[in-house]
Structures are given as structure tokens and as C-alpha cells.
Amino acid sequence: MAPEMKTDQLVFFVNGKKVVEDNVDPETTLLVYLRRKLGLHGTKLGCGEGGCGACTVMISKYDNFQKKIVHYSVNACLFPVCALHHVAVTTVEGIGSTKTRLHPVQERIAKSHGSQCGFCTPGIVMSMYALLRNRPDPNMVEIAENFQGNLCRCTGYRPILQGYRTFAKDWSYCGKGINGPGCCSTANSGGCCGGKDKGPGCCMNEKEDNAAMVSSVLFNPADFQPLDPTQEPIFPPELLMQKDKPQEQLCFKGERVTWIQPTTLEKLLALKAQYPNAKLVVGNTEVGIEMTLKNMLYPVIISPRWITEMTFIQHTEEGIIFGAACTLTVVEVVLKKAVAELPSYKTEVFQAMLDQLRWFAGLQIKNVASLGGNIMTASPISDLNPVFMACGSKLTVVSNEGRRIVRMDEKFFTGYRKTALKPNEILLSIEIPYTKKGEYFSAFQQATRREDDIAIVTCGMRVLFQEGTNQVQEIKLSYGGMAPTTVMAGNTCQKLIGREWNENLLQEACHLLADEMNLSPSAPGGMVDFRRTLTLSFFFKFYLTVLRKLNAHLTGNNNPGELVATRDASAIEVFHEDPVENVQLFQEVPAGQLVEDMVGRPLVHLSAAKQACGEAVYCDDIPCYENELYLTLVTSTKAHAKVLSIDTEEAENVPGFVCFVSATDIPGSNVTGIANDETVFADNIVTCVGHIIGGVIADTHEHSRRAAQAVKIQYEDLTPIITIQEAIKKKSFYKPSRKIEKGNVQKGFEESDHIVEGEMYIGGQEHFYLETHCTIAVPKGEDGEMELFVSTQNPTKTQDFIANALGVPANRILVRVKRMGGGFGGKESRSTLVSTAVAVAAFKTGRPIRCMLDRDEDMLITGGRHPFLGQYKVGFMKNGKVKSLEVLYYSNGGNSEDLSLAVMDRALFHMDNSYNIPNIKGEGRVCKTNLPSNTAFRGFGGPQGMMIAESWMNDVILTCGLPAEQVRKLNLYNEGDLTHFNQKLEGFTLKRCWEQCLENSQYHSRRQIIDVFNRQNRWKKRGIAIIPTKFGISFTLSFLNQGGALVQVYTDGSVLLTHGGTEMGQGLHTKMIQVASKTLGIPIADIYISETSTNTVPNTSPTAASVSADINGMAVFNACRTILKRLEPYKSSNPKGSWKDWVGKAYVDCVSLSATGFYRISGLGYDYGKNEGNPFDYFSYGVACSEVEIDCLTGDHKNLRTHIVMDVGTSLNPAIDIGQIEGAFVQGLGLFTLEELRYSPEGELYSRGPGAYKIPAFGDIPTEFHVSLLRDCPNKKAIYASKAVGEPPLFLSASVFYAIKDAIFAARAESHLMVPFRLDSPATPERIRNACVDNFTKLCPSAKPGAFKPWSVRV
Ligand SMILES: Cc1cc2nc3c(=O)[nH]c(=O)nc-3n(C[C@H](O)[C@H](O)[C@H](O)COP(=O)(O)OP(=O)(O)OC[C@H]3O[C@@H](n4cnc5c(N)ncnc54)[C@H](O)[C@@H]3O)c2cc1C
Ligand code: FES
Ligand code: FES
């Protein structure tokens, strides 16, 4: 029952302006309030679950405890607007603007090329801003750690870090220009080496080599405005005046939820007694997710943020007591101070907590999440609860019946997310104890990604020795991630008491733990063998850590080297956290190039400044139309079923409900899709979980979401096909299967010294563009006209499909695309799922309709990269020369054909990677399954084809026992060779890239250093790999290789340029303006691109296949040439005149000042039957060398260094091209080492957000990240001698995967396993650990496949 209280006024400040809200709804988040109510669209919605940081804003308030104004970053998507009373909010709009002055944090990210699509940029800007408000002179490590809660899918992070480290106090810059960014002085060496080291990128080298030709200066820090902390906006004086006034209890009543914020503990307890089911909310990082993503409703929320008894900190004789509402950031600060000031024996638990907090979420979460919230959530994978349990923390709990002390022991957690507290009790405080002499404590955790990822297994471990001995007196081992609650290994601990801390104890403990920490093979969360092994690995780490300290204590010897066996010491070393170093080298424009000619120069992305200020407009930033409605899709929960009934009765009762839209509302055809094998709305049968059945239209997003959840659908189950294996068994394939064959494969095998057969699986990948799919459809009221704003790479198909569904000609449908917050192929065809449904809804209601998918919907519905299975047989000689190869590829296409056959084509065209194989056969089959249709994704099958090539190449190398680099090089193509599809390789620069990469990476000396490292270290291993790539450029569907442009010149001389490509962050519009500027001979500033639209350039090809700059660039060039031709008479009659003069004269003479341009790539086409013709216009080449270190005990890895050499022809814009290379590389890093989609055996996607699906974060990029653009390699085939760059570099990240495999080989050699072994992709910690076979893994054998139902399946 809603409390009988009157609702109060909420007062807060946003960007210095006072906001008074009389009707605040407690369900509203700060993000929704900013965007919808205040029209501040700079803050973005990327995930809604605190996992991406796109919504970061800064909160400032007067802290009565610290007696000062505090500033901290938060995730607006989780921050309840009700929690803002008397605080100030600063958003990206509040710190600077292109209209006035950019703030230095905005300027530096823009000018350092740290913003591509820009959707993440405001959040990153605000994270940096909040750091600088607290610490105007941070160091490099603090800057790197500050971004743990921010994700970027485009840039590869390097430029952001490079731009922002100019704020660091430990950054130095010589200021001479030659050794600017990229030189040794900007690396962590702390100063210019003066040519001593002469590493790649050394300014001194460049001077000797070719000073005029090569540059590493992508931006000049000398151009940056200084940071002046005195210029920051002041804290609102009105709020400061409130600080000493007593607060009054607040109550905010919304549609379904009441928020009460009491001022005293007594009042809080009284409220809790009155409403025992009321939810206490502190940081809302758990409850917020339950309410938005899990559809939970808490009618009464009590906020304890004003209760001093819950926010205090007290140092006692026994430890430190923290109020339960203390935030984790505050706890971290207090513990760090204690560790620094107290004797180390006292602070073992504190240090362990700090170790856990180091990897706990992002800063935005830690700034609000409470210690009590973590305990009371009772999550089985909480990072802190194992620590509290193992150290026996004391909790003070309180109710209106009184207080009691509860010890956190094995009885505290009573079940999944349940504790021993009674419903009317709350947690008041937590005491974290000091340790005493002879007592040791450690905590460990392993997650998929190190930064901001919830642990897979986590633990707290404590041991107390009898005084002066190594005999165990007490021991507690507590684990998270091994049961529905945090658990103690009670039996193991009991048996270890009294034992001496030695090798025998270790052996016995491992056997006992393996027995006690058992898991059912079907356990939720999967990864059963890995989780079990981790329990032992952690104990081993604990054993060694304690052994070292104990020996030091007992012997007084503090030399770590002598305290545990040297090789074993590597088990407890942590990866070094060095700041990122980088060198980016490119060829300068030729001497004498006109200053105004911007082609070839590192021009900043033309929207970067707007993006950094939150002014760039994305689809959902378009202000709401007056009578606009919102659509939420209703999708299938079954993978394959008949729809028996759809019941919307309950949905209709949700406030704001307007109507339900489904297949019966379609005026034209319900049939849609690239291959016409899909429906707009399901027609009786659903063929995947996430299949769109209909949609609910309501007045707001929140109402339509609630109503959609209330729609009841009855199904009759049909048998689904989920995995590739099931499809093979049932012969469920899309037709035709593809085959390429050259030479005589059988004969090749007969002539080979060795034949190896193998298999590799490559998992799929989610695009995770930061901006999810979005469409706004506006019916125009006459003749079936409709205008659509869509986040799509494919305006033409969007137009076609909508016209077809609405039964109108295409000329009535106008599709407009300003920019996308990332695309990566995910918005090439699947964006039409949303846009067509929205158009039908707009048609039905006659009103504007908006739909932006929530992150979980987007991940569920729209598919991703195809998983691939490759089965291969390779024949080769003793020297490693490959003679014959046969590969059968299967991909998981999902429930519609979409682009799957073309993806398979590209996989087959790239099955050779860069190797010349005389006898070769490849066959590809696309499996038809009941998963959401998979689709285009950067690389489009090429990476999968090449990855499997490198798998058999690795087998060849290991079988021959020869150096990997030697065997790869032996097999590389040469200039003029024919590929397996008989295309001649001309302008083959790969060997130059190879040699340069070997040299830049100092491959041979690194190899030796690694071998020495591996001999010296048992539990950490390093690996290195150098990998080439050759990527064919063109759409394989030949007719798509056409581009169009429209150039319109106005009488003031300004030029409006439109072309067929869309801007998704890749810098296409910037490049096109550079082309137009050079061709027309006018400054960049005179040319503008406002959008891509179907009424300016029709029948465009999707912005895809990396060719958009090639085809549209030539079209722009042609259009500009037409204009120039028309202006020629005016130029020659007035050669000293200006552009504006000529244009004005031409206008008066009635000369047309608008021109279209068109371009097609000729000579393309390939015949599978004859294996002849040219599928590609040309090839892009590159080579990367990467070095990694793995932790053999946990499967963790660290990317140490990567060197890339890439041929991008004569770069149109080296900053953009380097950005594409690094972005693609890091996206590939995700594909091959991190990102894992998890499906239930029934075909339901589990991983539906950044919490469960991990894309690379700031900390995942190589510590040394070097990119060189190959010099002197003009490309005859594309505009101004450039080359395509979007997709080709992605595969170079395979160098990291094979470096990991190299390191695993070294680990397996310790167990005498020296033969080829299988490693599927991605190389997650689970796969790495399981492959590093040792005595621990042997204690945790796998259950027999088929004997149990697994929690997740490999699709
Ligand atoms: C992006 C993200 C990353 C995360 N990463 C991690 C991680 O790495 N490790 C980890 O362990 N957790 C992680 N979490 C989980 C979560 O942040 C923590 O559990 C956090 O400490 C919860 O605190 P809160 O104040 O936000 O809780 P809230 O959401 O406010 O409350 C959580 C629960 O605790 C109850 N509660 C809160 N305080 C009290 C009290 N004093 N007495 C009684 N009940 C109370 C509430 O009623 C509610 O049921 C993550 C969450 C997010 C969103
Ligand atoms: S939108 Fe808030 S963290 Fe992603
Ligand atoms: S620029 Fe960071 S997500 Fe696009």
C-alpha cells in the first residue's frame, strides 16, 4: 500500500541552473530526466546497467562528514533522480561548448583523435573532468585507472589515453615538434632518450632515416589550452547555504513507487517496521538493475543517505568500522591510508580488500555503491563477501526491536541472495578486523576481463599460525562463484588445522578442495572445470604468498628470492601495470604540397569537437515530436514454436497504452529481408528467441516497456536446431553451399611429408556499437509519405523494405541518417528489423513513433558475427612448406539467410590468409538454425577464414618443430602469384610489411628474451606471434561497387556535399570533405555534409565492405570535376578571382551549380564454377607482431606489446587511418580473446549486456602499442592513391591469440606436452587455464559429455 504522505518538492542544480520538480517519479533515472525533461542530450544511453559509462555525469555536494564539497562521477542511467535533493549535477554541456569555448578535456580528446563515432565521448569527457576536479595534477596510472567504467568500441583507446596523459604530472614534452606524441619522451621513460635506445619511433632515428618523410606527430600538445582549475563553475551558493540547516524528511510519490528519505535512524527504523517489504536503496547499483532489467517492482523505497549512523567511519582497537552506507570509494580511501600508516602485519585484510576493490566495477559504480549493499545483495559472486567471511567481520544489525552483532560466518548466507537478517532489520555497520602477527590473509579473483567485470570465482583466505611456528592454528577459506551463496571450505579447513605449512599440506589441501569445492557439470554459470581448478590455483597462490611471509617472519630473512623456489615465485607475481606507450608513424605529405590541400594530413574528425561537447546529434537526440509515441517490441521467448495466442489485456491496462501492432496491421507485404525469407512481424511461427512478434505503442518508453512485458503469448513448442553440430546432424543448411578448388588436393597429400587433421571453432561476436538501433518514423499525412530518421548503414534497403511493407512506392519514403554511434556491420541489414516495425506502427497510428532498443533487446534480437567451425586437413613438407589443404567450413547463419552466403564467400576467399598453397580445396556450408539471424560484422567472414588458416599453420609449425616466423614466411605469396581463386597479386606489399614488422618489433631478440623468461618462470609464460593479413577489397556482390555524390554550390561559395555513404565514426565524411576540398581547391571550412538521405543520392550501396571511401570518394571527385568544368570559363577569364567570384558569375550566367557524381569499380566478377574472374579490386596488406604474458594458474593474460605495419596506400588522412587500424585491432582483440556469447541449450542468449558480455576496456590494449603506415605504396585503384582500411586490420589481432597459444605451449611443455593442441576462439581465461594442463587441472577432470545437460552450449 502506498504510504499516506504528501509528495515533496525536489530541488537540485544542473549545470548551475536550479531545477525544482514538483512531481518527480522515483522510477525515473537521472539520465531519463536529463534527456527527456531537460532536453540535455549530451549524456548518452549505452547500456542502462552501469557497464559502459556513456551516461557519466558529475555530482557535487557538500559532504558533512568530510566538511567539504566533493565531486564524483556517476552513471546517470542508474542514479535515481530522487537522490538528487540539494546536490549539483554537471553534464557535458555544462563544461564547454563549440559556441563558446571547449573545456580542455573536450578539446584534448577531440584534437588527439580520441573521438570516432563519439557516442562514448561525453561519458569519457565527464570521467576525466571529474578526476581533474578532484586532482588537477593526476599521474598516468591514475588517469588509466579512472576509465575502468568507460567503454569505447571505436578507437582502441590509445588516442584517448595519449590525449589525456598530457594532463599528467609525470608526462613530459620536449616541445620541439620532432619528438611530440609518440616519441620516447611521451612514453613512460620520462624523457627523451636522445637517440640512445634508437627504438622505432625514436625522433633521432627519424632524423637520420628520412626526416622529411615520416612523422609521429598526429597532434601537437603545444596547441592545447592549459587547464585552469580556477575557471571551473562554482558550487551553487544556494546549496552551500543549506549545509548547516537540518534536513527534513522527504517523500516523493510516483505512479507506482514512493521514495522516502528519513533524517534519523529512529525514523528509518520506524518506517522499516511500518513497511517491512520496503527496499533500502543506497547506490541503487543493484536495485536499479532489478527494476529496469529484471522488471521488479518495489512500491516503497527508503533512502538512508542522510543517516549519519550509516555513513560514519570509526577506528577501534580491533579494526575499522564502516557505516553500511559508506561508498566503496570512501572505503578504498580509508583502507589505503590505513595500509600506508599501520604496520603491515595489522593490515593483511585491508590489503586483500584493496586487491579486490582494484578490480571491482568502474569508478562511477564505486562512487555510489555501498559496502552494506554489497553484503545485503548476497550475491554468490560478490567480491567482498568472501573476504568478510574469511576474516569473520562483525556486522551490527538494527531494527526497532534493538541492535545485535552478527558475525559473517558460514551461517550468514542462508540461500541464494538471502541472509540471516530478519525482514525488519537493517545493516547498520561492518567491522573489518586488523590482523595480528602470525596471521595472514589474501584475496583472489578471476574474471573474464580484468577491468570492471564480475568475478567467475573469487575468494578470501586466512591462516593463523601457532606463535613462532609454521603450524596452522586456524584457517578459513571462503569462495564465491562455487555455489548459490558465498561458501566456506569447512571440511578442508578443519583437516588442515595443526598441520605444518609445507608441500604436504599443499597437496592434501588441493585434494580436499577438489573434493569439497565440487560443482555439478550442469551448474549455472557453466565453466565448471575452470571454476573448480581456480579454487586450487588460488589456494596455491595463497600457499606461496604465506610461505614467503612466514619464512621471512620465522627466519628474519626478507629476501623474497630465497623464500620460495624461484620458478614458483611467478605464481604470485602480478602483471605489471605500466602506462601505455605508443608510437604511430606515417608518411608526411610531399614537400611542396599546398598548405590548403588537406589530403594526406592528420585532420581531426570534423565532428569531434561537437561530439566532445555533447552537441553532435544522434537519432535519439532528435527532440520529441509533439504527438510522438514510443514502440517497444514484443519478441519470442521460444527458439522454435507455433504462436497459439497473443493476450494484450493486461498490457492495455498499463497507463499510456495506445495499441498493439502485429502482422495483421501491415498494409503491404509482411515478407522482408535480404533474401525475402523473413517477416516484419512473426506470422504464426517463431524461429528464434528474440523473433519480433509485435510491438506495444504507448505514450512513453517506460509505459511501452511495461506494457510489452505484460503481453502474454502462448506457444506450442517445435523442435529447435541451435548449434552447428545439430544443424550438421539434421542437414539444415542454406543453399547453395560454396566450393573453391585449385590444383590436385589428393596428389598434394600424397606428396607431403606430414598430414595433420584438425578442427577449430570461432565463437560469434556482438557488434556492441555504443548506440543501439534507433528509428523515428514521421508520417507526413499525404500520399503515403513518411520521413524516417534511422541509425542505419543502409538507407536504401531501409527505404525499400519500408515501402514494401507499407505498400507504397519508394519515392514516398525518405530515410535520413545524420550519424551513427557505431555500426561495424550491425546496421547494414538488421537495422531494418526495427525501422520497418516502427514504420508500420507509425502508419497504424498516423503519429510519429520512436524506438531505440534497450541494450538487452538489441543484443537479443539483432544477431552478430557468425560463429564458424573449420575442419581441416593439411599436407606439408618437413621444412614447413604447405603442399595441400582441404577445409570444410560451417557457419551458424541463424533463422534467416540475410548476408550469410556472402559472409561464407569471403571466408572462402580468405582461407589462404596470405599463403600460397598449390593444392587447395575449401567448401562452406551455412547452417540454418533457430538463433537470431547472424549478419555482417567488420571483416565479413574474412577473419574467420584467416583464423582457421592460422590454426592449421600453427599445427604445421608445431609438427615441424621449426621457428614459427620461418615457416610462415616460407609460405607467403610473392608478387604476381595467383591466389586460390586465380586472382593475380599485383602491388604485393606484404613482404615489405613483414620485414618492417620483424624489425620494428625486434622479433628475434624478443623471442630469445621470452625463451629465457619462460625457462625462469613456471607459472607465468610469455609468447610471441607475427601474423600477416591480406584482405580483398570490394563487395563480392559486384553491382554494389558503385557510389554516388551530389555537390551543391551556393552563391556565397559554400558547398553542401552529399554522397552515398553514412558516417558511423569511421571518418568517411571527413575524408570526403578532404577529397572535395582538394578537387575543388577550396578550404575544408567551405564544405559541409549535413546527412545522408535517400532523396539526395538514391540507390546507394550500404556503407560496408571497406570500400565506401573508394566508391563515394571517386563519385565526389567526379561531381567536383563537373562543377570545376562549368566554372572553368570564369576561372580562366578571371584567374586572380576567388572561388566566390567565379561561383557568383556562373550563377548570374545561369550555369547550374549542382552536380551529381557517379563511380563504379569495373572489371569485377567471379565465377565459382570456373574458378576465374576477379572478386576483388585490390588487396590491403598488413602484419602484426604481438607479445603476451599469461598466468598459467588463472588463465589471465596481459597484452604486452604489439607492432603493426599496415599498407593503406597513400593515406587520405593518417590520423583517421591509424584510428581505424587501432580500433579494428582492438575489436579483433575482443573477438579472439574476450568476447563470448553464451546461449542456453534452448537457444536463449544469456549474455545480453556489458555485465555479461565483455568487450575490450582501456586496460586490455597492449601496453606498448605501435602502428606504422607503410611508406611509398600508392594504390593505383582508389581515390588519390589511397586504400581501404576499415576491415583489413581487424584480423591482425590474431597475433595476440597466437602469442597466447605460444605461451600456452610453453606452459604445456612443463607437463611434457609438446604436440599440437586445439585452442578455440576466443582465448578466454577459461580456455587458457584449461589448456595449461598441470597437476591442478588433473584433480578436476571433466564430466563425460552427453552424460549431463550443460548450462550453456557452443552454438
Ligand atoms: C556495473 C556494475 C558492476 C558491478 N561490479 C561488481 C563487482 O565487481 N563486484 C561485486 O561484488 N559487485 C559488483 N556489482 C554489484 C553492486 O555494485 C554491489 O553489490 C554494490 O555494493 C551494491 O551497493 P548499492 O549501494 O548500490 O546497493 P543497492 O542497489 O542500493 O542495494 C542493494 C541491496 O542491498 C540492500 N541494502 C543496501 N543497504 C542495506 C542496509 N544497510 N541494510 C539492509 N539492506 C541493505 C538493498 O535493499 C538491496 O536489496 C556491480 C554492479 C554493477 C551495476
Ligand atoms: S548507459 Fe549508463 S553505464 Fe551504460
Ligand atoms: S568513439 Fe567511442 S564508441 Fe565510438
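Placed above this text is the structure.
Our subject in this report is the structure included herewith.

What counts, and at which threshold
- Residues numbered from 1 in each chain as written.
- Chains lettered and ligands numbered in written order.
- Predicted model: local features only at pLDDT ≥ 70, side-chain atom pairs only at ≥ 80, totals over all residues.
- Heavy atoms only, no water.
- Helix = DSSP H or I, 4+ residues; strand = E, 2+ residues; numbered from the N terminus.
- Rg over C-alpha atoms; globule rule 2.2 N^0.38 Å.
- Contact = heavy atoms within 4.5 Å.
- Areas by Shrake-Rupley, 256 points an atom, 1.4 Å probe, with all protein chains shown as cover.
- Lys, Arg positive; Asp, Glu negative; His and termini not counted.
- Charge placed at Lys NZ, Arg CZ, Asp CG, Glu CD.
- Phe/Tyr/Trp six-rings, centres within 6.5 Å; stacked < 30°, edge-to-face > 60°.
- Buried < 20%, exposed > 50% of the residue type's maximum accessible area, 1.4 Å probe, protein only.
- Pairing = 2+ DSSP bridges.
- Core = buried A, V, L, I, M, F, W, Y, C linked by side-chain atoms within 4.5 Å.
- Salt bridge = Lys/Arg side-chain N within 4 Å of Asp/Glu carboxyl O.
- Near = heavy atom within 4 Å.
- Nonpolar A, V, L, I, M, F, W, Y, C, P; charged D, E, K, R; others polar.
- Expected span 1.5 Å × (residues − 1).
- Polar contact = N/O pair within 3.5 Å; in protein donor to acceptor, adjacent residues only side chain to side chain.
- Axes fitted to C-alpha atoms, helices over the stretch in contact; angles between N-to-C directions.
- Parallel < 35°, antiparallel > 145°, perpendicular 65-115°, else oblique.
- Left-handed = near helix turned anticlockwise from the far one by under 90°.

1. Here's the deal with the overall build of the protein
Broken down by element type, the protein carries 39 helices and 50 strands. Taking 34 Å as the expected radius of gyration for a compact globule of 1355 residues, we find that the protein reaches 31 Å, a close match to that expectation. C-alpha atoms of the protein, sized along the principal axes, occupy 95 × 80 × 70 Å. Across the protein, contacts joining residues at least 24 apart in sequence account for 78% of those joining residues at least 6 apart. Carbon and sulfur atoms form 51% of the exposed surface of the protein, whose accessible area is close to 47,100 Å². Considering the protein, the positive charge centre built from 139 side chains and the negative charge centre built from 144 side chains are found 2 Å apart.

2. Structural notes on the environment of L297
Within the secondary structure, L297 is located in the loop between α9 (287-292) and β10 (300-302). Spatially, the C-alpha atom of L297 lies 9.9 Å from that of K279, the residues being 18 residues apart in sequence. Leave out the neighbours within four places in its chain, and L297 touches R256 and V257.

3. Let's talk about the packing of aromatic side chains
Enumeration according to the criterion identifies 38 aromatic pairs in this entry. Ring centres of W501 and F542 lie 5.9 Å apart, and the angle between their planes is 85°; this geometry places the pair in the edge-to-face category. One end of the pair, W501, is in the loop between α15 (490-496) and α16 (503-516); the other, F542, is in helix α17 (residues 528-555), and 41 residues separate them in sequence. Ring geometry for F733 and Y890: centres 6.0 Å apart, planes at 25°, overall stacked. Of this pair, F733 sits in strand β31 (residues 733-742) while Y890 sits in strand β38 (residues 882-894), and the two are 157 residues apart along the sequence. Residue F733 is classed as buried on the basis of its relative accessible area of 18%.

4. Comments concerning the sheet that holds strand β49 (residues 1197-1207)
Whenever strands of a sheet pair, they do so through backbone hydrogen bonds, lying parallel or antiparallel. Spatially, six strands are ordered β6-β22-β50-β49-β48-β40 in an open sheet, and the strand pairing comes out mixed. A single partner strand is all that each edge strand has here, and the edge strands are β6 (214-215) and β40 (1020-1033). Bridge count between β40 and strand β48 (residues 1178-1191): 14 bridges; the pairing is antiparallel. In the sheet register, T1029 faces β48, and the bridge partner there is G1182.

5. Quick notes on the nonpolar core
Judged by nonpolar contacts, the single largest core of 318 residues is most densely connected at Y164, Y479, W501, F539, W952 and W1139. In terms of residue count, α17 provides more of this core than any other element does, 13 residues in total. Of all hydrophobic cores here, the second largest spans 97 residues; its members include Y33, I307, F350 and A443.

6. With respect to the pattern of salt bridges
All told, the structure shown has 73 salt bridges when counted by the stated rule. Two residues, K712 and E650, come together in a salt bridge whose shortest N-O distance is 2.4 Å. You can see K712 sitting in strand β30 (residues 712-717) and its partner E650 sitting in helix α21 (residues 649-652), a full 62 residues away along the chain. With a relative accessible area of 40%, K712 lands in the partly exposed category. The residue R830 makes a salt bridge to E678 at a minimum N-O spacing of 2.9 Å.

7. Examining the site of ligand 1
The environment of ligand 1 is formed by 30 residues, the closest being L280, V282, T285, S370 and D383. For ligand 1, the accessible surface in isolation is 980 Å², of which the surrounding protein chains cover 92%. Of all the elements in the fold, those that place two or more residues in the shell around ligand 1 are β9 (279-280), α9, α13 (371-377) and β17 (426-433). Tallying contributions element by element places α13 first for the shell around ligand 1, with five residues. Class assignment of the residues belonging to the shell around ligand 1 gives a composition of 15 nonpolar, 10 polar and five charged.

8. Details of helix α28 (residues 900-909)
Most of α28 sits out of view: nine of its 10 residues are buried. Turning to α28, its buried residues are S900, L901, V903, M904, D905, R906, A907, L908 and F909.

9. Topic: helix α36 (residues 1214-1233)
Taking 1.5 Å per residue as the helical rise, α36 with its 20 residues ought to reach 28 Å, and the 28 Å between its terminal C-alpha atoms agrees with that figure. Across the 20 residues that make up α36, a large majority, 20, are buried. The N-cap of α36, judged by a side-chain oxygen 3.0 Å from the amide nitrogen of A1215 a few residues on, is N1213.

10. Some points on the packing of helix α33 (residues 1068-1080) against helix α34 (residues 1108-1133)
Two elements in contact, α33 and α34, have axes separated by 9 Å at closest approach and are oriented at 30°. As judged from the angle between their axes, α33 and α34 are roughly parallel. Our pair here, α33 against α34, has a crossing hand that is right-handed. Contact with α33, carried on its side by L1068, K1071, M1072, V1075, A1076, T1079 and L1080, involves S1108, A1109, N1112, G1113, V1116, F1117, C1120, R1121, I1123 and L1124 of α34 and no other residues of that element. Residue classes in the contact of α33 with α34 are distributed as 11 nonpolar, four polar and two charged.

11. What about the side chain of D25?
One can find D25 in the loop between β2 (17-21) and α1 (30-37). Setting aside chain neighbours within four positions, we find D25 in contact with V81, C82, G254 and E255.

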